[in-house]
Amino acid sequence: SEKVDGSPMDFNATGSDSGTIDGLQTVHFDYDKSTLPADEKAKLEGNAAWLKKNSGSKLLIEGHCDQRGSTEYNLSLGERRANAVKQMLVQMGVSSKRLSTASRGKERLLATGDSEADLAKNRRANFVPSSK
């Protein structure tokens, strides 16, 4: 069995979007979709492994959208994205008690440009760990 790391962690408030939490990665979605693309599932499996290793941690899953569409629509889509990711993590063996979700809609963009590359960066689920 894997050794559980008992050392205290310094969590970045921006979660996996920060790129500084080893083992946690942000996953990205296709335009107007809340199903995770197949090529993003490996990242999610890594996040499930991180949760199993860090058994004292909980995760807030934030659903994000690009800047197209109304605020209301994007809040709903962000919620569907966060819930889809939560459901997949539960299927991977993570207790639902350790997972919470929130929709950020289009309020927290990583990129503000209109190119497809910029828009794609914003269509994501970010993972924010906590020890509470």
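Cut-offs and rules
Residues numbered from 1 in each chain as written. Predicted model: local features only at pLDDT ≥ 70, side-chain atom pairs only at ≥ 80, totals over all residues. Heavy atoms only, no water. Core = buried A, V, L, I, M, F, W, Y, C linked by side-chain atoms within 4.5 Å. Buried < 20%, exposed > 50% of the residue type's maximum accessible area, 1.4 Å probe, protein only. Helix = DSSP H or I, 4+ residues; strand = E, 2+ residues; numbered from the N terminus. Contact = heavy atoms within 4.5 Å. Pairing = 2+ DSSP bridges. Right-handed = clockwise from strand over helix to strand, strands pointing away. Expected span 1.5 Å × (residues − 1). Arc of directions from axis to C-beta.

*Asks:* Run through the nonpolar core, naming residues and quoting values.
*Replies:* Core analysis: the largest hydrophobic core is formed by 19 residues, its most contacted members being Val-27, Leu-44, Ile-61, Val-85, Leu-89 and Phe-127. Elements supplying a minimum of two residues to this core: helix H1 (41-53), strand S2 (58-64), helix H2 (71-91) and strand S4 (124-130).

*Asks:* Let's hear about the environment of Met-92: which residues, and what values?
*Replies:* Here Met-92 shows up in the loop between H2 and strand S3 (99-105). On the basis of relative accessibility, which here comes to 21%, the residue Met-92 falls in the partly exposed class. For the pair Met-92 and Ala-111, spaced 19 residues apart in sequence, the C-alpha separation works out to 31 Å. Aside from chain neighbours lying at most four places away, what touches Met-92 is Lys-41, Leu-44, Glu-45, Ala-48 and Lys-52.

*Asks:* Break down the pairing of S4 for me, citing the residues and quoting the values.
*Replies:* One face of the sheet, then the other: side chains in a regular strand alternate in exactly this way. Counting buried positions over the 7 residues of S4 gives 6, a clear majority of the element. Relative to S4, strand S1 (residues 27-28) is paired through 2 bridges, and the arrangement is antiparallel. Bridge pairing in S4 places Val-27 opposite Ala-125. Where S2 meets S4, 7 bridges bridge the pair, whose relative direction is antiparallel. The residue bridging Glu-62 from the neighbouring strand is Asn-126, located in S4.

*Asks:* Just give me the short version of the pairing of S2, but keep the residues and values in it.
*Replies:* For S2, the tally of buried residues reaches 5 of 7 residues, placing the bulk of the element in the interior. As paired strands, S2 and S3 are joined by 6 bridges and run parallel to one another. When the bridges of S3 are listed, His-64 appears paired with Gly-105. The parallel pair S2 and S3 is bridged by H2, and the resulting crossover is right-handed.

*Asks:* Give me H2: which residues, what numbers.
*Replies:* Spanning 21 residues, H2 covers 30 Å between terminal C-alpha atoms, matching the ideal 30 Å at 1.5 Å per step. Turning to H2, its buried residues number three or more, namely Asn-74, Leu-77, Gly-78, Arg-81, Ala-82, Ala-84, Val-85, Met-88 and Leu-89. Taken end-on, H2 shows its buried residues confined to a sector of 155 degrees, consistent with a single buried face. Structural note: H2 exposes Glu-72, Gln-87 and Gln-91 on the side pointing more than 90 degrees away from its buried face. Each element contacted by the buried residues of H2 is listed here: S1, H1, S2, S3 and S4. At the exit of H2 stands Gly-93, carrying a positive phi of roughly 100 degrees.

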